[in-house]
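Residue-level structure breakdown
What follows is the residue order along each chain.
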Amino acid sequence: VIFKVNDSDDGGSKEVMRLDASLGFVTIGGETSGEAPLHVKTTSASHTIIAESTDADGSHAPDLVLYRNSASPADADDLGIIKFRGRNDNTQSVDYAMIKAEATDVSDTTEDGQLIFYVKLDGSDVHAINIDTQGATTDQPEIVMNESQVNMDFRVESDTNSYALFVDASKLTVQGPISLDEISAPTATTGYGKIWTQTDNNFYFQDGAGTNTVVRKGGKHTIWVPAASMYPTTTNGCSALTQVELTNGPELKCLDFDD
């Protein structure tokens, strides 16, 4: 079934919609074959599809629902993909970016989902952002940048700095001061070190075993200079560096001065 209306600008009839039973497709906008059950085509640079609601209460509307109504749902099922498609200079269709949703856990009451953002890099799909409520370790939600491990920088701008937080593929750069809340000593985690500040104005480091060490203490400091690091003055100086053997203990390097 083909729907045509008169177009006075073109001086003839113009196809606006087609129902094709052989394909089971509906096409709108003059598309005669279609690539999907609903294919909307336009030559305009304006909006292609608008979903409008005139509801006046506080509920949400209009809604766009992508529903995979599977009779046998399973973990890791793909739920749908939004593709941003264009052409390259060889007249080929290319999906330059995609957003994919996945059901990582379909168990009743413990369902988990995943949302993945892909972009094209050098002709390949790169896993740029991953929002995963299950995570790499079970039940540890995480947001992962650059899951594909390509040479991709991560940059955060502030109101005054273009590189307020910058990860250049393999190193972290911060413009401006790093602020740490003053907290009590954290609980140790095996295999991880932690740094923090406390209300005593000290900067601490904690190793995986839970040993807390002051990294830098405020105020006046002393430094030990061993005799072996010094030398006598040329005029009226002390004795030359001498190693003194003790009766019971370590040997000492000494610079002896006359009484």
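Look up: the structure comes first, before these words.
Keep in mind that this is a model prediction, so the values were computed, not measured. (Residues numbered from 1 in each chain as written. Predicted model: local features only at pLDDT ≥ 70, side-chain atom pairs only at ≥ 80, totals over all residues. Heavy atoms only, no water.)

Looking at unusual backbone geometry
- Cis geometry marks the peptide bond from A61 to P62, where omega comes out at 0°.
- Mapped onto the elements of the fold, P62 is located in the loop between β4 (38-40) and β5 (77-87).
- At A76, a position not held by glycine, the phi torsion is positive, near 75°.
- Note on placement: A76 falls in the loop between β4 and β5.
- In this structure, N201 takes a positive phi of about 65° despite not being glycine.
- Summarising the element assignment, N201 is placed in the loop between β13 (194-197) and β14 (203-206). (Helix = DSSP H or I, 4+ residues; strand = E, 2+ residues; numbered from the N terminus.)

Side note on the sheet that holds strand β3 (residues 25-28)
- The sheet built from four strands is open, its strands ordered β1-β2-β3-β4 with mixed pairing. Of all the strands in the sheet, just β1 (2-7) and β4 have a single pairing partner and so form its edges. Each neighbouring strand pair of the sheet contributes to a mean axis angle of 20°, computed without reference to strand direction.
- Summarising the sheet, strand β2 (residues 12-20) and β3 pair through four bridges and their orientation is antiparallel. (Pairing = 2+ DSSP bridges. Axes fitted to C-alpha atoms, helices over the stretch in contact; angles between N-to-C directions.)

Describing the packing of aromatic side chains
- In total, this model carries two aromatic pairs according to the counting rule given.
- A ring pair is formed by Y163 and F166, whose centres lie 4.8 Å apart and whose planes are at 90°; its orientation type is edge-to-face.
- Given the relative accessible area of 36%, Y163 is considered partly exposed.
- On the accessibility criterion, F166 (14% relative accessible area) is buried.
- Ring centres of W196 and Y204 lie 5.2 Å apart, and the angle between their planes is 15°; this geometry places the pair in the stacked category. Here W196 and Y204 have matching classes, each one buried.
- The side chain of R155 reaches across the aromatic face of Y163, ending 5.3 Å from its centre. (Phe/Tyr/Trp six-rings, centres within 6.5 Å; stacked < 30°, edge-to-face > 60°. Buried < 20%, exposed > 50% of the residue type's maximum accessible area, 1.4 Å probe, protein only. Lys NZ or Arg CZ within 6 Å of the ring centre and 35° of its normal.)

None of the figures reported here should be taken as evidence of function without further support.
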